[in-house]
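# Overview (structure and organization)
Take a look at the letters that make up each chain.
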Amino acid sequence: MKKYPDWLKTAVFYEIYPQSFMDTNGDGIGDLQGIIAKLDYIKELGCNALWLNPCFVSPFGDAGYDVEDYYRVAPRYGTNEDMKQLIAACHERGMHLFLDLVPCHTAVTHPWFVASSKHERNQYTDRFIWTDCIWHDTDGLNALRGYSERDGSAIVSFFSHQPALNYGFYEVRRPWEQPADAEGPRETVKELKNIMRFWLDMGIDGYRVDMAACPVKNDPEHKGTMALWTEIREMLDTEYPEAAMIAEWDQPEHSITGGFHMDFTLNGGLSNYTDLFRAEHPYFSAEGKGNAAAFMKRYLEASELSGNKGLICLISGNHDTDRLARRLHGDELKIAFAFLLTMPGAPFIYYGDEIGMRYIEGIASVEGGYGRTGSRSPMQWDHSKNAGFSTADESRLYIRQDDAADRPDAASQMADPNSLRNEIKRLIALRMAHPALQADGLPEMINSGYPLVYVRKNGDERILVAINPSAQTNECDCAIVPAGELYRFGGQAVCDGKKLVIPGQSVLVAAF
Ligand code: GLC
Ligand code: CA
């Protein structure tokens, strides 16, 4: 059996937050037709896969991560027919499309939850996790209480308006905790498979799975959760062998061992990812006081513990993290992308990070975003009204835009050969041209301080990557003599077979 579908080997993903990407009907909110209209922009950058945040019917208490109907596109984004068009438009361009699967909870307005809250037993009574008495404690789990006709508290999985779907408990401690093989949990799994099949049958290429570590409760080692995803993987392998799934988990030894093709790094996860771009002293800051060693160590350990079976993917950021440009600026961003795009796995670029869109400070929370709202502002396309995002009155925009006079925009950056976007475009093209720089294989570390130096290999191809984010010249021992420069940013690195010396804020990618 294949570790993962071949197309992932060269995949570079672009994450789209649908409400903020492109508005085509002037209501101030992005839509599926807007995404279709901008596919050529994404393709021109070099990305060949998309991940869309949830775009299903929802009361939008958590920006769509509170699903009310898993089978229908939210009217504000369009229709299922628009989704079919988007899928076809992606495939025509050789691009793949992931949707967001939210398996752990629904919205309180979901008809299953409404039915489950009823006193009379019905088909959905056990679709969610309920205690057997409103006055009893909830075994350390958060709950929605006093909301139902039924006597009991509903366990929630994230916000208190997101009741947890019932996939059972690994360690059953109380009478109301059902084991994973009980009828209620099994029915939930059946429905989850049907939801997945629905969009896969429509033609999508896979899922990003929300809170993938959490479906089975009281599961400290994730054994129950891994069994669930292994079962789902078996379904994919038999019914949709070209489809893939990526876990929001950040613990590859569990996610990948448990059936996922890919996992990605998260802020506050186990990967030390924060050290690189968002710590007090990020590794990629020119001040040169950061640390990439813990990240690299954890990365290599996690790859090994997952049997090198799947891909560990690095993100530029996502809708939950601060914008990359909150801490890093100018050349620092270009150098950070040189790293992101020369590491294994399938890189993920969050919309707008390719032009260095800023985190919008101090704005009110929108749809449960809170501090995340500043990273979700509408894409800046050009110099026109609302930066080309929408023709709506400014006051109707989904989230206020960056109002700085020098806010970055896509059109200006496409016209400027030295822009961040064009640097990223060159780096993606470099990756596409060299199998050694693609998804497979571990980096062989030469130095994890300043500079960061590693080797990537594939067949006969051997490539040295040396990155010095610091403003100072740095050096390290290195026995490699580069033969052909493939990419350079900043000053010229010198490597004589003993020592590698690299000027401040420079990158060298060379064959040997
Ligand atoms: C994930 C999503 C986040 C959402 C939460 C609850 O972490 O990325 O945006 O709020 O799950 O679904
Ligand atoms: Ca719209």
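Right above here is the structure, for reference.
Residues numbered from 1 in each chain as written. Chains lettered and ligands numbered in written order. Predicted model: local features only at pLDDT ≥ 70, side-chain atom pairs only at ≥ 80, totals over all residues. Heavy atoms only, no water.

The protein atoms that coordinate the calcium ion (ligand 2) are Asp-23 (OD), Asn-25 (OD1), Asp-27 (OD), Ile-29 (O) and Asp-31 (OD), at distances spanning 2.3 to 2.4 Å. Between consecutive donors of the calcium ion (ligand 2), the numbers of intervening residues give the motif D-x1-N-x1-D-x1-I-x1-D. Judged by its relative accessible area of 22%, Asp-27 is partly exposed. (Donors = N, O, S within 2.8 Å, 3.2 Å for Na, K, Ca; no water. Buried < 20%, exposed > 50% of the residue type's maximum accessible area, 1.4 Å probe, protein only.)

With respect to spatial proximity, the complete set of residues near ligand 1 consists of Asp-62, Tyr-65, His-105, Phe-158, Arg-208, Asp-210, Met-211, Glu-248, His-319, Asp-320, Arg-372 and Arg-376. His-105 is positioned with one of its side-chain polar atoms (N or O) 3.0 Å from an oxygen atom of ligand 1. Between ligand 1 and Arg-208, the relevant distance is 2.9 Å, taken from an oxygen atom to a side-chain nitrogen or oxygen of the residue. Here the shell around ligand 1 is built from residues that sort into three nonpolar, two polar and seven charged. (Near = heavy atom within 4 Å. Polar contact = N/O pair within 3.5 Å; in protein donor to acceptor, adjacent residues only side chain to side chain. Nonpolar A, V, L, I, M, F, W, Y, C, P; charged D, E, K, R; others polar.)

For the rest of this paragraph, the subject is the pattern of salt bridges. Applying the stated criterion across every chain yields a total of 39 salt bridges. The partner of Arg-323 in a salt bridge is Asp-353, and the shortest N-O contact between them spans 2.9 Å. Of this pair, Arg-323 sits in the loop between β11 (311-313) and α10 (331-340) while Asp-353 sits in the loop between β12 (348-350) and α11 (410-415), and the two are 30 residues apart along the sequence. Both residues of the pair, Arg-323 and Asp-353, count as buried. Salt bridges here are not isolated pairs; linked through shared partners, they connect Asp-137, Asp-139, Glu-171, Arg-173 and Arg-174. (Salt bridge = Lys/Arg side-chain N within 4 Å of Asp/Glu carboxyl O. Helix = DSSP H or I, 4+ residues; strand = E, 2+ residues; numbered from the N terminus.)

Using the criterion set out here, one finds two cavities of 30 Å³ or more in the structure. Computed from the structure, the largest cavity encloses a volume of approximately 60 Å³. The set of elements that each furnish at least two residues to the lining of the largest cavity consists of β10 (262-264) and α9 (293-305). Top contributing element to the lining of the largest cavity by residue count: α9, with three residues. Residues belonging to the lining of the largest cavity are distributed by class as follows: five nonpolar, two polar and three charged. If you add up the space inside the second largest cavity, you get close to 40 Å³. For the second largest cavity, the full set of lining residues is Tyr-70, Val-102, Pro-103, Trp-112, Leu-165, Tyr-167, Thr-188, Glu-191, Leu-192 and Ile-195. Ranked by residues supplied to the lining of the second largest cavity, first place goes to helix α5 (residues 183-202) with four residues. (1 Å grid on protein atoms, 1.4 Å probe; cavity = no way out; pocket = protein on both sides within 12 Å on 5 of 7 lines; lining within 4 Å. Points joined across faces, edges and corners; volume = space filled by probe spheres on them.)

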